[in-house]
Amino acid sequence: MIISESFPIKSSRLTLKLFLEENITTEYSSWLNNPKVVKYSNQRFKEHNYDSSICYFKSFFQTNNLFLVIMLDKEMIGTMTSYINKEHQTADIGIMLSPDFWNQGFASEAMLILMEHLFSFNIRKIAGGTLSCNSAMIRVFENAGMKIECIRKKQEIFENKEVDIICFCKFKDES
């Protein structure tokens with residue numbers, strides 16, 4: 001089965017669905033252009049508009065990768081990506097959440113349900129990473145049961161300082 005055909009998936013509060021063109025809204029663009037939302041992401045170096053969002057959306061076509069929306073009831077509160085390598089049975093995941101929904105456990109919940117779903121397919125390892133100064137994302141990875149795999153020392157420049165990227169992972173047999 002193709003993983004993308006298995007959506008939507010649900011938890012007690014959230015639904016993860018495939019991202020559709022109709023999800024490219026003014027609100028979605030506002031998240032991408034909000035310095036607070038993309039503070040720790042390399043998206044902070046870009047200006048986003050409808051055309052750039054369509055281009056990104058289309059980059060998922062005819063791939064194994066997933067671009068998902070996080071829904072709370074009927075409201076889109078964030079997005080997730082999963083870059084899947086079928087040959088190596090790995091997935092690299094990321095998340096973006098509207099600041100209106102921060103600090104309520106939604107990111108951890110979304111991460112957990114996506115990881116569980118990916119492990120139910122032939123994925124053996126899930127990875128993700130963040131800047132060492134992004135304590136909120138570090139907590140999300142830890143809450144999802146991920147462990148530090150490696151630290152890429154002084155990998156990026158953030159606010160004129162060299163910062164590490166902390167890489168996390170979890171293996172299926174650790175579930």
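See the structure printed just above.
Parameters and conventions
- Residues numbered from 1 in each chain as written.
- Predicted model: local features only at pLDDT ≥ 70, side-chain atom pairs only at ≥ 80, totals over all residues.
- Heavy atoms only, no water.
- Helix = DSSP H or I, 4+ residues; strand = E, 2+ residues; numbered from the N terminus.
- Rg over C-alpha atoms; globule rule 2.2 N^0.38 Å.
- Buried < 20%, exposed > 50% of the residue type's maximum accessible area, 1.4 Å probe, protein only.
- Contact = heavy atoms within 4.5 Å.
- Areas by Shrake-Rupley, 256 points an atom, 1.4 Å probe, with all protein chains shown as cover.
- Lys, Arg positive; Asp, Glu negative; His and termini not counted.
- Charge placed at Lys NZ, Arg CZ, Asp CG, Glu CD.
- Phe/Tyr/Trp six-rings, centres within 6.5 Å; stacked < 30°, edge-to-face > 60°.
- 1 Å grid on protein atoms, 1.4 Å probe; cavity = no way out; pocket = protein on both sides within 12 Å on 5 of 7 lines; lining within 4 Å.
- Points joined across faces, edges and corners; volume = space filled by probe spheres on them.
- Nonpolar A, V, L, I, M, F, W, Y, C, P; charged D, E, K, R; others polar.
- Polar contact = N/O pair within 3.5 Å; in protein donor to acceptor, adjacent residues only side chain to side chain.

1. Re the overall build of the chain
Alright, step 1. Scanning the chain from terminus to terminus reveals 4 helices and 8 strands.
Alright, step 2. Element order for the chain, N to C, with α for helix and β for strand: β-β-α-α-β-β-β-α-β-α-β-β.
Alright, step 3. Its C-alpha atoms give the chain a radius of gyration of 16 Å, within 12% of the compact-globule value 16 Å for 175 residues.
Alright, step 4. Over its C-alpha atoms, taken along the principal directions, the chain stretches across nearly 45 × 40 × 30 Å.
Alright, step 5. Considering the chain as a whole, with its 175 residues, one finds that 46% of them fall into the buried category.
Alright, step 6. Here the analysis covers contacts within the chain between residues at least 6 apart in sequence; of these, 61% occur between residues at least 24 apart.
Alright, step 7. Element-wise, carbon and sulfur atoms account for 49% of the exposed surface of the chain, whose accessible area totals about 10,000 Å².
Alright, step 8. In the chain, which carries 20 positive and 21 negative side-chain charges, the distance between the mean positions of the two groups comes to 4 Å.

2. A word on the packing of aromatic side chains
Alright, step 1. Under the defined criterion, the tally for this structure stands at 12 aromatic pairs.
Alright, step 2. On the numbers, 4.0 Å between centres and 10° between planes, the contact of Phe19 with Phe67 is stacked. Within this pair, whereas Phe19 is found in the loop between strand 2 (14–18) and helix 1 (26–32), its partner Phe67 is found in strand 3 (residues 66–72), the two being separated by 48 residues in sequence. The same class applies to Phe19 and to Phe67, which are both buried.

3. A look at the layout of surface pockets
If a probe the size of a water molecule is rolled over the atoms, the empty space left behind becomes visible.
Alright, step 1. Its volume calculated, the largest pocket comes out at about 1,500 Å³.
Alright, step 2. Lining the largest pocket are 49 residues, and of these Ser41, Gly94, Ile95, Met96 and Met137 sit closest to its centre.
Alright, step 3. Split by residue class, the lining of the largest pocket holds 24 nonpolar, 17 polar and 8 charged.

4. Quick notes on the side chain of His48
Alright, step 1. Secondary-structure assignment places His48 in the loop between helix 1 and helix 2 (50–58).
Alright, step 2. Here the side chain of His48 touches Gln43 through a polar contact of 3.0 Å, side chain to side chain.
Alright, step 3. When residues no more than four places from it in sequence are discounted, the contact partners of His48 are Leu32, Asn33 and Gln43.

5. Quick look at the side chain of Thr15
Alright, step 1. The topology assignment puts Thr15 in strand 2.
Alright, step 2. The class for Thr15 is buried, based on a relative accessible area of 14%.
Alright, step 3. Excluding residues that lie within four positions of it along the chain, Thr15 makes contacts with Pro8, Ile9, Lys10, Val69, Ile70 and Met71.

6. What about unusual backbone geometry?
Alright, step 1. Residues Phe7 and Pro8 are joined by a peptide bond in cis, for which omega reads 10°.
Alright, step 2. Within the secondary structure, Pro8 is located in the segment before strand 1 (9–10).
Alright, step 3. If you check the backbone angles, Gln62 has positive phi at about 55° while not being a glycine.
Alright, step 4. For Gln62, the location among the structural elements is in the loop between helix 2 and strand 3.
Alright, step 5. What makes Gln62 exposed here is its relative accessible area of 87%.

By themselves, these figures tell us nothing about what the structure is for.
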